[in-house]
Amino acid sequence: MSELAESAGPDIRANFDLKDEIRDYWSKRSETFDLAFGHRIPPGPEFDAWQKPVRDFLGAEPLRVLELACGTGEVTRLIHDLGHDVTALDFSEAMLAVAKKKHAGKPRLRFLLADAENTMEPDASYDAIVCRHLVWTLTQPQATLAEWFRLLKPGGRLLVFDGDWARPTAVGRLATWAIRQIDRVIGPDNHYDGALSDRHATIMRNLPFGDGLTVETLLPMLKAAGFLTIEHASHQPIAAAQRKTANLRNRLRTFVYRRFILCAHKPS
């Protein structure tokens, strides 16, 4: 349980559920999230690599796009720069405050404080939905995928960037060992997840995808929600672009987990 819940008294603690814990965790991380490797998307090759799947799967025509769990607005920029009309949603006021400041004054951009699992947005109101590193945190994944299907217009697309954050690959286990050695020599990276890693692990243990999120797990759930055509793209071009400018510790981090990109289509 978070420090907030611990200090709030027994009545608040009794009502402080997993979703509250997730919100509190990410709100706390908002303070330094843009300093964490793998979150900020710097201009240049890495930005181009992240933007390419959005361009490829969403196309050149301006769309009405819902970005779920926008955080501090990094993915917001790469969607908006392509000319789309973006609603950037997050349930952390702290994250949204950072994103709003970052994108102040931009047209075609709306920020929305809401829950990605129950948005309260109208039926068939978006041409596309984009989310990065959100699906693994869902507390009710099947119901949430149905909710996202509801929000899309006929022919709409759901673009998911995510990964299996529970089980390092074989190469990833070696990379993790090497990262620990670097930490011992030069000290930990305080902008990564170090200070909050115990909380992260506790949250993960209580999530439906706590044992890992894979393409093989997600595909039948997307189909059960009503999505038909599902396309799969490699995350490797993004990882390769990240390695071009990263230090050794961060280059190693790009090998730890298996990541994926999926685009699921709602029937026309």
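Reading guide: rules and limits
Residues numbered from 1 in each chain as written. Predicted model: local features only at pLDDT ≥ 70, side-chain atom pairs only at ≥ 80, totals over all residues. Heavy atoms only, no water. Helix = DSSP H or I, 4+ residues; strand = E, 2+ residues; numbered from the N terminus. Rg over C-alpha atoms; globule rule 2.2 N^0.38 Å. Buried < 20%, exposed > 50% of the residue type's maximum accessible area, 1.4 Å probe, protein only. Areas by Shrake-Rupley, 256 points an atom, 1.4 Å probe, with all protein chains shown as cover. Lys, Arg positive; Asp, Glu negative; His and termini not counted. Charge placed at Lys NZ, Arg CZ, Asp CG, Glu CD. Axes fitted to C-alpha atoms, helices over the stretch in contact; angles between N-to-C directions. Parallel < 35°, antiparallel > 145°, perpendicular 65-115°, else oblique. Contact = heavy atoms within 4.5 Å. Nonpolar A, V, L, I, M, F, W, Y, C, P; charged D, E, K, R; others polar. Phe/Tyr/Trp six-rings, centres within 6.5 Å; stacked < 30°, edge-to-face > 60°. Lys NZ or Arg CZ within 6 Å of the ring centre and 35° of its normal.

A.B. asks: Explain the overall build of the chain to me, using residue names and the numbers behind them.
C.D. replies: Assigned secondary structure in the chain consists of twelve helices and seven strands. In terms of C-alpha radius of gyration, the chain reaches 18 Å, essentially the compact-globule figure of 18 Å for 268 residues. The dimensions of the chain, computed from C-alpha atoms along their principal axes, are 55 × 50 × 40 Å. Evaluated residue by residue, the chain yields a buried proportion of 54% over its 268 residues. When the accessible surface of the chain is split by element, carbon and sulfur atoms take 54% of a total near 12800 Å². Measuring between centres, the 35 positive side-chain charges of the chain sit 6 Å from its 34 negative side-chain charges.

A.B. asks: A description of the packing of helix 4 (residues 45-58) against helix 11 (residues 236-245) should follow, citing residues and the corresponding values.
C.D. replies: Interhelical geometry of helix 4 versus helix 11 gives an angle of 170° and a closest axis separation of 8 Å. Considering the angle they form, helix 4 stands roughly antiparallel to helix 11. Facing helix 4, whose interface residues are Pro-45, Glu-46, Ala-49 and Trp-50, helix 11 presents Pro-237, Ile-238, Ala-241, Gln-242 and Lys-244. Across the contact of helix 4 with helix 11, the residue classes tally to six nonpolar, one polar and two charged.

A.B. asks: Let's hear about the packing of aromatic side chains: which residues, and what values?
C.D. replies: Following the criterion strictly, the structure yields three aromatic pairs and no others. Look at Phe-149 and Phe-227: their rings are 5.1 Å apart centre to centre, the planes differ by 90°, and that puts the pair in the edge-to-face class. Of this pair, Phe-149 sits in helix 7 (residues 141-151) while Phe-227 sits in the loop between helix 10 (215-225) and strand 6 (230-233); the two residues are 78 residues apart in sequence, bridging distant segments of the chain. The two residues Phe-149 and Phe-227 agree in class, both being buried. Here the aromatic rings of Trp-165 and Tyr-257 are separated by 5.7 Å at their centres, their planes lie at 75°, and the arrangement is edge-to-face. Taken together, the residues Trp-165 in the loop between strand 5 (152-164) and helix 8 (170-186) and Tyr-257 in the loop between helix 12 (248-253) and strand 7 (258-265) connect sequence positions 92 residues apart. What makes Trp-165 buried here is its relative accessible area of 14%. The lysine or arginine in question, Arg-64, covers the ring of Tyr-126, its NZ or CZ lying 4.6 Å from the ring centre. Positioned over the ring face of Trp-50 is Arg-132, at 4.8 Å from the centre of the ring.

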